[in-house]
Amino acid sequence: MQTRPPARLLSRAVIRQGRIFRIEVDTVTLPTGHTVEMEVIRHPGSVVLLPVPSPGQVILIRQYRYTIVR
């Protein structure tokens, strides 16, 4: 079995620094060899739960977020 190398960080730029979180743009070379920019939110902690009741099924809950409604 052939394994690919892990993604490699080429550069990082902080585009927003707040009191609670910061937003960064990372330039990354993926294991496929493609180079992409990825936006990352860094914060002191949170939890994400993704219910998977059975293989191939995911439960999603619609939640209103005023920051993404235009």
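Structure first, text after, so check above.
Since the structure is predicted, the reported quantities are computational estimates derived from the model, not experimental observations. (Residues numbered from 1 in each chain as written. Predicted model: local features only at pLDDT ≥ 70, side-chain atom pairs only at ≥ 80, totals over all residues. Heavy atoms only, no water.)

A. Main features of the pattern of salt bridges. By the definition in use, this model includes 5 salt bridges. Between R42 and D26 there is a salt bridge whose closest N-O contact spans 3.7 Å. Taken together, the residues R42 in strand β3 (residues 35-42) and D26 in strand β2 (residues 22-29) connect sequence positions 16 residues apart. We classify D26 as buried; its relative accessible area is 6%. (Salt bridge = Lys/Arg side-chain N within 4 Å of Asp/Glu carboxyl O. Helix = DSSP H or I, 4+ residues; strand = E, 2+ residues; numbered from the N terminus. Buried < 20%, exposed > 50% of the residue type's maximum accessible area, 1.4 Å probe, protein only.)

B. Local environment of the sheet that holds β2. Taken together, the 3 strands give an open sheet; going across it, the order is β1-β2-β3, and neighbouring strands pair in antiparallel fashion. Among the strands making up the open sheet, the edge pair consists of β1 (8-17) and β3. The average undirected angle you get between the axes of adjacent strands in this sheet is 20 degrees. (Pairing = 2+ DSSP bridges. Axes fitted to C-alpha atoms, helices over the stretch in contact; angles between N-to-C directions.)

C. Spatial organisation of the environment of F21. Tracing the backbone shows F21 in the loop between β1 and β2. When the C-alpha positions of F21 and R42 are compared, they lie 5.5 Å apart, and in sequence the two are 21 residues distant. Each residue touching F21, except ones within four places of it in the same chain, is listed here: R16, I41, R42 and H43. (Contact = heavy atoms within 4.5 Å.)

D. Summary view of the pairing of β2. Within β2, 6 of the 8 residues are buried, leaving the element largely enclosed by the surrounding structure. The pairing of β1 with β2 spans 8 bridges and is classified as antiparallel. Looking across to β2, one finds that R12 is bridged to D26. Joining the antiparallel neighbours β1 and β2 is a turn of 4 residues. Note that β2 and β3 share 8 bridges and pair antiparallel. Looking at β3, one finds that T27 is bridged to E37. Between β2 and the antiparallel strand that follows it, β3, lie 5 residues; G33 among them carries a positive phi value of about 100 degrees.

From the geometry alone we can't say anything about function, so treat these as descriptive.
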